[in-house]
Each structure stands twice: as C-alpha cells, then as structure tokens.
Amino acid sequence: MAMSCDHPDLLPLEEALRRLWEALPTPHLPELRAERDDPATDRASMDGIALKASEGRAPRRVLGTLFAGSDPAAFSLTSGTAVRIMTGAALPLGADAIVPVEQLESADGMALPTIDPAAGDHVRPRGEQARGGDLLLAADTPLNAARVALQAQEGRPLPARTRLRVGVASTGDELVPTPAPHQIRDSNGPMLAALAHILGAEVELRSALPDDPAALAAALQHPGDIRILLTSGGVSMGDHDHLPAVLRDLGATILFHRIRLKPGKPMLAALLGDLLVLGLPGNPVSAYLNALLFLPQAMARLEGRSAPDPWRRARLTAPVKHKGDRPLLHPCRLVEGRLEPLPGKGSADLITLAKADGFAWIEQGGLEAGAKTRWLPVV
Ligand code: AMP
Ligand code: MG
C-alpha cells in the first residue's frame, strides 16, 4: 500500500529529540583514573580465618581478629597460627588464603579447617580491579549513580546535586480559577508541574499568562532563576497563538516547531539565551505526551546523563485503525502485559489520559490485534 505524506514539513520525533539534545550544553566530565591499586591491599572476601594455605588442615591458634578498616600490621602469622578476619579486612603478613566460617570447626581453642585451603582462596588480591593510574572512565562518559560511586571511591569531586529548576506557565485567556461555561480551569499547569517534579526537577508553577504578546514577552524576558520553562498553549495556528512570533522577536533560536506526531503536532522548542523554552501544545493530551518525551531528554542532557529511552514494547489486545500519516500515540490500558486500546476522544480528552497506563505507537495504516509495538508508559 502506498503511504501518503500530508505533512512533509513536519519534523520526525526522533529528529526533534536529536536537535534538542545537540543544542543543549552538557557538563564536561573529565576522565577518571585510579588513584591507587584497587584493592590497595590483599583483602578478605569472606568472614573466616586468614592463614597460610600450605599448612593445610593443621589446627591453628587464633591470634586475634581483623575487621574491615583494621590495620593488618597488628598481626604477623607464624607457623600454626591464623587470624580471624571479616569481609573487607586487609590480610595480615604471612597469610595467603581465607577459610570461611562455614568451613571451620573449633576444638581446644584451635581453629580446624574442614577443607584443604589453596593460596588465594577468598582473597581479593591487591590490584585485582585496577592498578593505580588505570583509566576507569573516559572523558565525558555520561553520569549515572554507579559512576558517581566510582568518582567517590577515587576521591574525585562529586557532581553538584542541585535539582534543575523548571518553571511552568500555561497560556490562554480562557484559563480562570472559577470558570463560566465559556472558560476552563488551568489543568495543564498542575499536570506539568507534577510531571517535572516526578522527573526530579525543582518546580515553580506560575499563574497562567494571557494571550497577549507583550505579557508573553515580559514573562520570557524575565523568567527568574529557572533553566527550563514549560509553557502550554499558544503555539498552534490560531489568531491567539502568539508564542512563536514573540520568541522570534526576542531573538530566540527556534530549535523546531511542529513535529510529526498525533497528538502534539504544534510542539515548539527554543533557546532564549540560556533558557530552554519547551512550548507545549495547549490540548492536555498533547501537552502531556510532549512533556513526557522532551523534558526527560532535556534534563538528561543538562545534567550530563545518557539520553533516556522511555519506550517499552508490548502486543495490542485489539486493532487500532490509523489513516493519518503522522505516527499516532494511542491511549491504552495495560492488561496482563498487553496493551488494551482505550476508546479515546483525541487530544482534549483528559479523562482518557487519566485512565491510560501508556500510549501505543501506531504508524500509518494502523495495527492488528496481537501486533507488537513500542509504547510510552505514563508517569
Ligand atoms: P491552544 O494550543 O492554546 O490553542 O489550546 C488548545 C486547546 O487546549 C484549547 O481548547 C485550550 O482551551 C486548551 N488549553 C490550553 N491551555 C490549557 C490549560 N492550561 N489547561 C487546560 N486546557 C488548556
Ligand atoms: Mg490558547
């Protein structure tokens, strides 16, 4: 079947994510080298006794105990002796093996191995992991919690643990706290603030902005102490969709505007000086999905982490029809590991959004029941 493309000007999602990634600064992470041998001494890897393996099962007189952190110089083994030792403790002089507690008996105050020990048993030898000076992490290796542990082990400065500050501001003259029938409450603002908070940002939820270019410009020029501003609304083709023009007039770099996604086409991203503006569409499902796709990407980049991959894969329990050429994100419930499509009413359908466990990716032509597809879990 020939696929038509009604939207040749729209940017594919992956390309938009890539542009955002490349446009944002990321911390430079210097290479990490081992400060010293790892471990720096031979260490016990079990609780037991440290002894000389060549003396076999001969009874040992126990001289004392070494704990993790004890100075091993306190003991020196001679023939027929051993030292009780705990996991992580450095081996005393003269010892070359550990016999674990489980393989020991005691009689007349002596420790008796019940097995024939071999040199090196249950010992982590000095330098087993790395030699002093070895390269542990190449420069600019993305951070994760495990790599932070490695930096801590090597006594290197730790990354700042400040949270990214994210501002949230809805736009629209229709948004009021006590709505008349022709007005609505701001539901996007609290939704996006909750999402940013869950993703680990420090969030500032602001009052909604009017559909007024001067007011929008003032808010963008004085964003306060935030790194990312999430707006919703005002980026589409309506007479009151001022945000793209206001950003351009302020000299912002538009990274992209309008992407190949349903819902969520009007999505905009721009850099205004250091401030990243994610201009989310006003419809709640569109705003939610684009925030879920673009905010983690931006945060990871700014924090020096790897690009996130939010997608999972599962089979559909029922077919989803889709004629349009923009890939569709269709709301689903997760039932025993399979995606059950929900009868959604589109991008304004906040009630279905609140029922969904995730959104299935449906390309043009739709998918049959049982087809496997990627899907985006809700947060
Ligand atoms: P817009 O993109 O500004 O044209 O808005 C698209 C639709 O989303 C309109 O029906 C708006 O009323 C609605 N909308 C915009 N902002 C919000 C918001 N913060 N909360 C709930 N609905 C909104
Ligand atoms: Mg609007």
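Residues numbered from 1 in each chain as written. Chains lettered and ligands numbered in written order. Predicted model: local features only at pLDDT ≥ 70, side-chain atom pairs only at ≥ 80, totals over all residues. Heavy atoms only, no water.

Draft legend 1. Expanded view of the site of ligand 1. Among the 15 residues in the neighbourhood of ligand 1, the closest are listed as Glu174, Asp186, Ser187, Gly234 and Gly282. For ligand 1, a nitrogen atom lies 3.3 Å from a polar atom in the side chain of Ser170. Gly282 places a main-chain nitrogen or oxygen 3.2 Å from an oxygen atom of ligand 1. In a pocket analysis with a 2 Å cut-off to the grid points, ligand 1 is assigned to the largest pocket. Partitioning the shell around ligand 1 into residue classes produces two nonpolar, nine polar and four charged. (Near = heavy atom within 4 Å. Polar contact = N/O pair within 3.5 Å; in protein donor to acceptor, adjacent residues only side chain to side chain. 1 Å grid on protein atoms, 1.4 Å probe; cavity = no way out; pocket = protein on both sides within 12 Å on 5 of 7 lines; lining within 4 Å. Sits in = over half its atoms within 2 Å of the grid points. Nonpolar A, V, L, I, M, F, W, Y, C, P; charged D, E, K, R; others polar.)

Draft legend 2. Geometry of the sheet that holds strand 21 (residues 338–341). The sheet built from five strands is open, its strands ordered 19-23-22-20-21 with antiparallel pairing. Every other strand in the sheet has two partners, leaving strand 19 (312–315) and strand 21 as the edge strands with one partner each. Sheet twist, expressed as the mean angle between neighbouring strand axes with direction ignored, is 50°. Helix 6 (residues 284–303) rests against strand 20 (328–335), strand 22 (358–362) and strand 23 (372–377) of the sheet, and its axis sits at about 95° to strand 23. (Pairing = 2+ DSSP bridges. Helix = DSSP H or I, 4+ residues; strand = E, 2+ residues; numbered from the N terminus. Axes fitted to C-alpha atoms, helices over the stretch in contact; angles between N-to-C directions. Contact = heavy atoms within 4.5 Å.)

Draft legend 3. Geometry of the pairing of strand 12 (residues 165–170). For strand 12, the tally of buried residues reaches five of six residues, placing the bulk of the element in the interior. Taken together, the four bridges between strand 12 and strand 13 (residues 202–205) define a ladder with parallel strand orientation. The residue bridging Gly167 from the neighbouring strand is Glu204, located in strand 13. You can see the chain leave strand 12, run along helix 3 (residues 188–198) and come back into strand 13, and the turn it takes is right-handed. By the bridge criterion, five bridges tie strand 12 to strand 14 (residues 228–232) in an arrangement that is parallel. Directly across from Gly167, in strand 14, lies its bridge partner Leu229. (Buried < 20%, exposed > 50% of the residue type's maximum accessible area, 1.4 Å probe, protein only. Right-handed = clockwise from strand over helix to strand, strands pointing away.)

Draft legend 4. Representation of the layout of surface pockets within the structure. The volume enclosed by the largest pocket comes to roughly 760 Å³. Lining the largest pocket are 49 residues; nearest its centre among them are Asn283, Pro284, Ser286, Ser347 and Ala348. Counting residues per element, the ones that place at least two in the lining of the largest pocket are helix 6, strand 20 and helix 7 (350–355). Ranked by residue count, the leading element in the lining of the largest pocket is strand 20, at four residues. Here the residues of the lining of the largest pocket are counted per class, giving 18 nonpolar, 20 polar and eleven charged. Surrounding the second largest pocket, 25 residues form its lining, Leu143, Val148, Pro159, Ala160 and Glu303 being those nearest its centre. Considered class by class, the residues forming the lining of the second largest pocket number 14 nonpolar, five polar and six charged. (Points joined across faces, edges and corners; volume = space filled by probe spheres on them.)

Draft legend 5. Spatial organisation of the pairing of strand 18 (residues 275–280). Taking burial as the measure, the six residues of strand 18 include six buried ones, the bulk of the element. Burial of the side chains of strand 18 extends over both faces: Leu275, Val277 and Gly279 are buried on one face and Leu276, Leu278 and Leu280 on the other. Sheet topology note: the strand 17 (residues 268–272)/strand 18 ladder contains five bridges and is antiparallel. Its bridge partner being in strand 18, Leu271 is matched across the sheet by Leu276.

Nothing here speaks to function; it is all geometry.
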